[in-house]
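Architecture and fold: a report
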Amino acid sequence: MYSFLTTENWADYELVDSGDFEKLERFGQYYVARPEPQAIWDKHLPESEWQRMANAVFTRDKGSQERGQWKLQKGMPEQWFINYQYNDLKLRFRLGLSSFKHVGLFPEQDSNWKFIFDKTRSLKTKTPKVLNMFAYTGAATLAAKAAGADVTHLDSVKQVNFWARDNMEASGLDNVRWIVEDAMKYARREVKRGNTYNGIILDPPAYGRGPNGEKWQLENELNELIKLCHQMLDKTDYFLVINLYSLGFSALILDNLMRLTFGEQIRNEELGEIYLHDRGERKLPLGTFFRFSSKG
């Protein structure tokens, strides 16, 4: 089933406007303006409203597509917290203004956090094992942990794992297994050891580096990684979710890779796109996804 998923009913987050290769978002009480390459249409709100509302504005450095500087209005902190709630899942996230335009959270993943929480709870295994790879600051990790899983959180950046630990503590959770390592190396080693997981979460970047300079390039590595995940995923009690944010990477590519690898293990599947909608009813695409589970 092809689906379009969006973030809804989150009091502490809103995509206010998008266009002219930018987006204006509200995180809690603060408004943040930053670049967005997929917002190629016109803005809904006038530029004067953006200037009035934005507490922090990111501007790229000359000659760089990623690095830049934040201009802060008076009273805008460099770090702050927001809350997240879904049914009885209650999380708290520390946000911060990085030199790469990120704030420490991808709010479009809301629908996947809900999926992870619900599917973890529906597993028959008493304490299911969940692996979150490319785990960033840990929202998906905490969704699985709050649902009762034994979670392994893997990211190649040590500082990001520290950030995720802060989110865990702020959310009143504990006992997550933190690993700083290259994802491919870890997956190959787990397969050799015969270790399996009831849940696997994947959100790989287009490009990246491991802690020892290992090169990650999505189109070159993804096929092998998915095959390794097939060997790591429990064969009777399981779920898997993968999200890709890469310009021009079709959902059909993801569909082919998953079906060719997992075959008849794929049940209750969803394939599609994740987006955010702003006040002007513009739909901002922010990734393709594929997810499935042993139980509907």
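Source: prediction; values computed, not measured.

1. A word on the overall build of the protein
When helices and strands are counted, the protein shows 7 helices and 17 strands. Relative to its length of 296 residues, the protein is compact, with a C-alpha radius of gyration of 19 Å against a globular reference of 19 Å. The 296 residues of the protein split such that 55% are buried. Intrachain contacts of the protein at a sequence separation of at least 6 include 63% that bridge at least 24 residues. Here the protein has roughly 14000 Å² of accessible surface; of this, 47% comes from carbon and sulfur atoms. In the protein, the 40 positive side-chain charges and the 40 negative ones have mean positions that sit 4 Å from each other.

2. Here's the deal with the environment of asparagine 268
You can see asparagine 268 is positioned in the loop between α7 (251-262) and β16 (270-277). The partly exposed category is assigned to asparagine 268, whose relative accessible area is 40%. Each C-alpha atom of the pair asparagine 268 and glycine 296 lies 5.6 Å from the other, and the pair is 28 residues apart in sequence. Sequence-distant contacts of asparagine 268, that is, excluding residues within four places in its chain, are made with Arg291, Phe292, Ser293, Ser294, Lys295 and Gly296. A distance of 3.0 Å separates the side chain of asparagine 268 from the backbone oxygen of serine 293, its partner in a polar contact.

3. Thoughts on the packing of helix α6 (residues 218-232) against α7
Contact pair α6 / α7: the axes reach a minimum separation of 10 Å and the direction vectors enclose 35°. The handedness of the crossing between α6 and α7 is right-handed. Contact residues: Leu222, Asn223, Ile226, Lys227, Cys229 and His230 in α6; Leu257, Met258, Thr261 and Phe262 in α7. Taken together, the residues of the contact of α6 with α7 break down into 6 nonpolar, 3 polar and 1 charged.

4. A short note on the UniProt feature "domain: S-adenosylmethionine-dependent methyltransferase" (unreviewed entry) in the protein
Listed under "domain: S-adenosylmethionine-dependent methyltransferase" (unreviewed entry) in the UniProt record, and renumbered for this structure, are residues 88-210. Helix makes up 37% of residues 88-210 and strand 24%, with an end-to-end C-alpha separation of 35 Å.

5. A few points about the sheet that holds strand β5 (residues 56-60)
With mixed pairing, the 5 strands of this open sheet are ordered in space as β2-β3-β4-β5-β6. On the outer flanks of this sheet lie β2 (13-19) and β6 (68-72), each paired with one strand and no other. Recorded for the sheet is a direction-independent mean angle of 20° between the axes of neighbouring strands. As judged from the 2 bridges shared by strand β4 (residues 30-35) and β5, these two strands associate in the parallel manner. Paired with valine 32 across the two strands is alanine 56, which belongs to β5.

Quick notes on the rules
Residues numbered from 1 in each chain as written. Predicted model: local features only at pLDDT ≥ 70, side-chain atom pairs only at ≥ 80, totals over all residues. Heavy atoms only, no water. Helix = DSSP H or I, 4+ residues; strand = E, 2+ residues; numbered from the N terminus. Rg over C-alpha atoms; globule rule 2.2 N^0.38 Å. Buried < 20%, exposed > 50% of the residue type's maximum accessible area, 1.4 Å probe, protein only. Contact = heavy atoms within 4.5 Å. Areas by Shrake-Rupley, 256 points an atom, 1.4 Å probe, with all protein chains shown as cover. Lys, Arg positive; Asp, Glu negative; His and termini not counted. Charge placed at Lys NZ, Arg CZ, Asp CG, Glu CD. Polar contact = N/O pair within 3.5 Å; in protein donor to acceptor, adjacent residues only side chain to side chain. Axes fitted to C-alpha atoms, helices over the stretch in contact; angles between N-to-C directions. Left-handed = near helix turned anticlockwise from the far one by under 90°. Nonpolar A, V, L, I, M, F, W, Y, C, P; charged D, E, K, R; others polar. UniProt positions renumbered as here; feature names shortened; annotations may be inferred. Pairing = 2+ DSSP bridges.

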